[in-house]
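# Analysis of the macromolecular model
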Amino acid sequence: MIFIDTYISGVVIVEPTLHCDGRGYFFESYNQRDFAAHGIATDFVQDNQSQSVYGTIRGLHFQRGEHAQAKYIRVLSGRIRDVVVDLRPGSPSYGRHLTVDLSAENLRGLYIPPGFAHGFAVLSESAVISYKCDHFYCRAAEGGIRYDDPDLDIDWGVPSAAAVLSDKDRALPSFKEYQPCC
Ligand SMILES: Cc1cn([C@H]2C[C@H](O)[C@@H](COP(=O)(O)OP(=O)(O)O[C@H]3O[C@H](C)C(=O)[C@H](O)[C@H]3O)O2)c(=O)[nH]c1=O
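What you are looking at is a predicted structure, and each value in this text was computed from that prediction instead of being measured.

## Remarks on the overall build of the protein chain
When helices and strands are counted, the protein chain shows two helices and 13 strands. Its C-alpha radius of gyration of 16 Å places the protein chain within 12% of the 16 Å reference for a compact globule of 182 residues. Overall, the protein chain is about 55 × 35 × 30 Å in size when its C-alpha atoms are taken along their principal axes. Residue burial in the protein chain is summarised as follows: out of 182 residues, 49% are buried. A separation threshold of at least 6 residues defines the contact pool for the protein chain, and within that pool the share at least 24 residues apart is 80%. In the form shown here, the protein chain has an accessible surface area of approximately 9,300 Å², with 51% of it arising from carbon and sulfur atoms.

## Some points on the sheet that holds strand β11 (residues 116-122)
Taken together, five strands build an open sheet; the order of strands is β9-β8-β11-β6-β13 and the sheet is antiparallel. At either end of the open sheet lies a strand with only one pairing partner, and these are β9 (97-103) and β13 (142-144). Strand-to-strand twist of the sheet, defined as the mean angle between neighbouring strand axes without regard to direction, takes the value 30 degrees. Bridging between strand β8 (residues 79-86) and β11 involves seven bridges; their strand directions are antiparallel.

## Some remarks on the environment of cysteine 138
With respect to the helices and strands, the residue cysteine 138 is situated in the loop between β12 (126-133) and β13. The exposure class assigned to cysteine 138 is buried, which follows from its relative accessible area of 18%. Sequence-distant contacts of cysteine 138, defined by excluding residues within four places in its chain, comprise Gln63 and His67.

## Some words on the environment of phenylalanine 26
Positionally, phenylalanine 26 belongs in strand β4 (residues 24-26). C-alpha of phenylalanine 26 to C-alpha of arginine 74: the two residues are 48 residues apart in sequence and 15 Å apart in space. If we ignore the near neighbours within four places in the chain, the residues touching phenylalanine 26 are Thr17, Leu18 and His19.

## Comments concerning the packing of aromatic side chains
Aromatic rings in a pair are described by how distant their centres are and how their planes are angled relative to each other. Under the definition given, this model contains 11 aromatic pairs. Through a chain of ring-to-ring contacts, three or more aromatic side chains come together here, namely Phe3, Tyr30, Phe35, Phe44, Tyr72 and Tyr111.

Calculation rules
Residues numbered from 1 in each chain as written. Predicted model: local features only at pLDDT ≥ 70, side-chain atom pairs only at ≥ 80, totals over all residues. Heavy atoms only, no water. Helix = DSSP H or I, 4+ residues; strand = E, 2+ residues; numbered from the N terminus. Rg over C-alpha atoms; globule rule 2.2 N^0.38 Å. Buried < 20%, exposed > 50% of the residue type's maximum accessible area, 1.4 Å probe, protein only. Contact = heavy atoms within 4.5 Å. Areas by Shrake-Rupley, 256 points an atom, 1.4 Å probe, with all protein chains shown as cover. Pairing = 2+ DSSP bridges. Axes fitted to C-alpha atoms, helices over the stretch in contact; angles between N-to-C directions. Phe/Tyr/Trp six-rings, centres within 6.5 Å; stacked < 30°, edge-to-face > 60°.

Okay, structure coming up:
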């Protein structure tokens, strides 16, 4: 697998090595040794999977403090625009965001270290994503920032009239209002 560093330190695109033959293809979708060789120590404890219809925006979410999660996201079907916002105190890219389109066609994965708000928008009719987390879900530690925050000004690739969000996400605070600590 090939690791592509991005302009936000620690956020890495992962391109698998495909092995094709007359039956189809095979690739290693995750390899702890290869991640470590790229300087990414991983100890994932939970796998998540979600399916969403076109226009769904899930996020921007994070877990606070000791519950902060590193994630490794892949798309099993469809296409998404994945978005990360750097919330790491003191980071030179604090408050900057990165968008990466991931799909079942490009097979790209995205590794996100702890300290980021994460979300994605579904650009295809439907999308199924699968992602690894290195800390367990903790509802009490959940936080978030609204997807349409004017300061972040994120292009989700979905017209706002088509956006499908949970009530929880519609009620998230702005970047200015969110409380980063603890
Ligand atoms: C995240 C999570 C949720 N849940 C339960 C809680 C709710 O009853 C239900 C749906 O949760 P939620 O609406 O928070 O799901 P998403 O909007 O997909 O949240 C995720 O969206 C963005 C993209 C993320 O990166 C996070 O992993 C996560 O916040 O699943 C669990 O049981 N375990 C979990 O790990």
